[in-house]
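# A look at the structure
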Amino acid sequence: MAVFQNIYRHGMARIAAFAPRVALADPKANAEAIVALAGEADAERAAAALFPELSLTGYSLDDLHHQAPLLDAAETAARAIIEASRALMPVIVVGCPVRAHSQLFNCALVIHRGRVLGIVPKTYLPNYREYYEKRWFAAAPGAQVEAIEFAGQTAPFGAAMIFEAEDHPGFGLHVEICEDLWAPHPPSIDGALAGATVTLNLSASNVTIGKARERAALCEVQSQRCQNAYVFAAAGPGESTNDLAWDGQLTVHELGEPLAASERFHNDHGRLVVDVDIERIVQDRLRQSTFRDAAGRIAERLKDWRRVGFSLDAPLDETLPLKRAIARFPFVPDDPHRLDEDCYEAYNIQVQGLAQRLRAAGIAKAVIGVSGGLDSTQALIVTARAFDRLGRDRKDILAVVMPGFGTGAETRANADALIESLGVTRREIDIRPAAERMLADIGHPYAEGAKQYDVTFENVQAGLRTDYLFRIANHEGGLVIGTGDLSELALGWCTYGVGDQMAHYNVNAGVAKTLIQHLIAWSARRGQFGPDASATLERILDTEISPELVPADAADGPQSTEAAIGPYALQDFNLHYAARYGLGPAKIVFLAEAAWGDAEAGAWPAHVAEADRRAYSRAEIVQWLQVFARRFFQTSQFKRTAMPNGPKVTSAGALSPRGDWRAPSDSAATVWTDALAALRAELGL
Ligand SMILES: NC(=O)c1ccc[n+]([C@@H]2O[C@H](COP(=O)([O-])OP(=O)(O)OC[C@H]3O[C@@H](n4cnc5c(N)ncnc54)[C@H](O)[C@@H]3O)[C@@H](O)[C@H]2O)c1
Ligand SMILES: Nc1ncnc2c1ncn2[C@@H]1O[C@H](COP(=O)(O)O)[C@@H](O)[C@H]1O
Ligand SMILES: N[C@@H](CCC(=O)O)C(=O)O
Ligand SMILES: O=P(O)(O)OP(=O)(O)O
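Residues numbered from 1 in each chain as written. Chains lettered and ligands numbered in written order. Predicted model: local features only at pLDDT ≥ 70, side-chain atom pairs only at ≥ 80, totals over all residues. Heavy atoms only, no water.

Before going further, it helps to spend a moment on the pattern of salt bridges. Applying the stated criterion across every chain, the model contains 42 salt bridges. Measuring nitrogen to oxygen at the nearest pair gives 2.8 Å for the salt bridge that ties Arg301 to Asp190. Separated by 111 residues along the polypeptide, Arg301 in helix H7 (residues 299–302) and Asp190 in helix H3 (residues 187–193) bring together distant segments of the chain. Given the relative accessible area of 41%, Arg301 is considered partly exposed. Residue Asp190 is classed as buried on the basis of its relative accessible area, which comes to 10%. A salt bridge links Lys648 to Asp660; its shortest N-O distance comes to 2.5 Å. Highlighted residues: Lys648 in the loop between helix H20 (637–641) and helix H21 (670–683) and Asp660 in the loop between H20 and H21, separated in sequence by 12 residues. On the accessibility criterion, Lys648 (42% relative accessible area) is partly exposed. (Salt bridge = Lys/Arg side-chain N within 4 Å of Asp/Glu carboxyl O. Helix = DSSP H or I, 4+ residues; strand = E, 2+ residues; numbered from the N terminus. Buried < 20%, exposed > 50% of the residue type's maximum accessible area, 1.4 Å probe, protein only.)

The following block contains the structure:
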């Protein structure tokens, strides 16, 4: 069995990219540097090591490219790399000029364990402004052969090739060279459609102001468009500064997100090592019908692509922890620059959804149960903004406080303060007499004096609250605003039907609890509703999350939601990777450990208080994933299939059966729970 803390076990692969200090027109020296750096990649157990365009000779050689001794020396130097590669794990991809039938090509040599897996010529040769490549090189489409003799081997030759690890499913490399990425239809598009999950770009790309941004933008788009990992290595120090300059930019993007970037303008060799998630790429493509359709449209052409297999022999018996940052909160941006933008969008989506529904339904009032908890607070803020946007009086928002058996003084005071500061209309209905009557009517032991605070006792209260809200809405001409959030829906943490699961329109259904916390903090800290409201919002954020359905004295304090269903921080993490990417339990635990195992590591979103910046142990992560798996896959789908309308808010997912998540209400969770049981046994938990 492979070691648990090993990236290859979890469908990932380590990629190294280098921008060595090049020795112009000295292939032997360059080969020595490349072998040394490939050795570093081997020590890191990288699956691939990428070097820049023409890295064996230097890119900026101008007419020296046509010197026979130099071309001979490059081939000799390549032999040295091929020989050295026998002892190295990574696929080594280096730039080299290659002669084939009286033509010279600007190529990538793809080398693995003593074998030239293939030689890939550049497709688009730039011949404008500062570029003169057509003066020296022929382009890939001009190649007249499918294989050539090079460095003592017969090697496949051509641009339409994928290098596939036969023992690491999904790990398929495609190679393109610099300008190829600037073309309107880069070869990597077909490479991805043919099945490559990683594109390696050997680049020279001289630097000018804004070039780094331009390259990163292209790589980002390409990794999104091709649903791949896009690795880019630009030439660095040592290239000729006759008329140009070089910065050695190294980047890795995955599925449209920047994963890692190197220092630029270094004096010596530049390096970047990062883990790409092959499984996530494969899973994302499975979901994307357009990707499939695009491949289908050119299926005939793709059949001509050659697949060169190799054996990666990943060291599954070694401990290889993840080398990549995993965000703790997949629903919350931890980049402070994106914070305002994301919050602005989230609020506007919620507000826009409700405003449109109120307008279209011709309904003047909104009815909302306000508990002093997070969800009803967020829903009330959104409703107030929707009324502002429609130019309506906030007094037509009926905020109903409905104390029950577990309602605490603090949450109640917070609800009142919020209602006051937002200027909405307050109503109060004590649900206890009606609840006592219902409990007696159904023969519940509570009516006889027993302290039986079971699910029925809880749901009677949640049900009555909903009943009151709907009847007030009938009576007043209002719309009942739902408050239940995405995380609660995922876990089935709501009362079905005649309960908080139902509403006329639910503004929170697409917002995970961790994002709700973040949005409330954002509103509070921007002082959007004045200082009193901000102070109340801060207090609400500090309150223990509780349904407050059981008397506090019976529950030793307010009933804790997170003690029952797990920390929302972990459950939102689980939801993201299980629903959005369909990853299995072992992979989720592996990622969760990387994200949550060390409180000191990585960035925290600003609104998370110092005291709450905690770590979770492996045992805790597994325990709560077990709860998630059972609840999400087995016991809660029937609640989601009957959920009210409400907008999708984050691209990471929504759980409406008419939107982003369809599943049977009668399926089992056994494959997930069995996998977790096996994992527990393996990890000794
Ligand atoms: N937002 C909150 O914090 C909040 C609010 C209210 C309730 N809650 C919690 O939510 C829980 C609600 O309890 P619950 O889920 O047992 O009650 P529920 O009434 O919501 O759902 C259970 C009922 O659904 C039926 N059912 C079960 N599986 C079904 C399926 N596949 N198809 C159709 N029907 C099915 C069962 O007959 C059972 O009576 C409680 O633990 C309560 O504390 C939390
Ligand atoms: N005390 C309450 N007053 C008004 N509305 C309430 C109260 N408690 C709950 N609600 C409503 O029900 C949902 C779900 O409640 P949980 O506290 O999450 O169980 C809540 O958002 C309110 O709309
Ligand atoms: N157009 C590219 C690349 C040129 C090349 O292929 O080297 C650039 O601006 O950097
Ligand atoms: O539903 P609420 O408003 O009571 O929020 P929470 O469930 O976060 O306490």
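What follows picks up the thread again.
Our next topic: the pairing of strand E14 (residues 270–277). The element E14 is largely enclosed, with a buried count of 6 among its 8 residues. Sheet topology places strand E1 (residues 12–19) next to E14; 8 bridges connect them, and they run antiparallel. Bridging across to E14, Met12 finds its partner in Asp277. (Pairing = 2+ DSSP bridges.)

On the basis of which strands lie adjacent, the open sheet formed by 6 strands has the order E5-E4-E3-E2-E1-E14 and mixed pairing. Here the strands that pair on one side only, and so sit at the sheet edges, are strand E5 (115–121) and E14. This sheet shows a mean twist of 30° between the axes of neighbouring strands, independent of strand direction. The strands touched by helix H1 (residues 27–43) within the sheet are E1, strand E2 (48–50), strand E3 (91–100) and E14, with E1 carrying the most contacts at an inclination of about 155°. (Axes fitted to C-alpha atoms, helices over the stretch in contact; angles between N-to-C directions. Contact = heavy atoms within 4.5 Å.)

It is the rolling of a water-molecule-sized probe over the atoms that shows where space remains empty. Per the counting criterion, the structure on display carries 3 cavities of 30 Å³ or more. In this structure, the largest cavity encloses a volume near 70 Å³. Around the largest cavity, the lining residues are Ala19, Pro20, Val22, Pro52, Glu53, Leu54, Ser55, Ala235, Gly236 and Glu239. Class assignment for the residues of the lining of the largest cavity results in 6 nonpolar, 2 polar and 2 charged. If you add up the space inside the second largest cavity, you get close to 50 Å³. (1 Å grid on protein atoms, 1.4 Å probe; cavity = no way out; pocket = protein on both sides within 12 Å on 5 of 7 lines; lining within 4 Å. Points joined across faces, edges and corners; volume = space filled by probe spheres on them. Nonpolar A, V, L, I, M, F, W, Y, C, P; charged D, E, K, R; others polar.)

With respect to spatial proximity, 13 residues lie near ligand 3, and among them Lys122, Tyr131, Glu179, Ser205 and Lys211 are the closest. Between an oxygen atom of ligand 3 and a side-chain N or O atom of Lys122, the distance comes to 2.7 Å. With respect to ligand 3, the side chain of Ser205 contributes an N or O atom lying 2.5 Å from an oxygen atom. Against a free-state accessible area of 300 Å², the protein chains account for coverage of 98% of ligand 3. (Near = heavy atom within 4 Å. Polar contact = N/O pair within 3.5 Å; in protein donor to acceptor, adjacent residues only side chain to side chain. Areas by Shrake-Rupley, 256 points an atom, 1.4 Å probe, with all protein chains shown as cover.)

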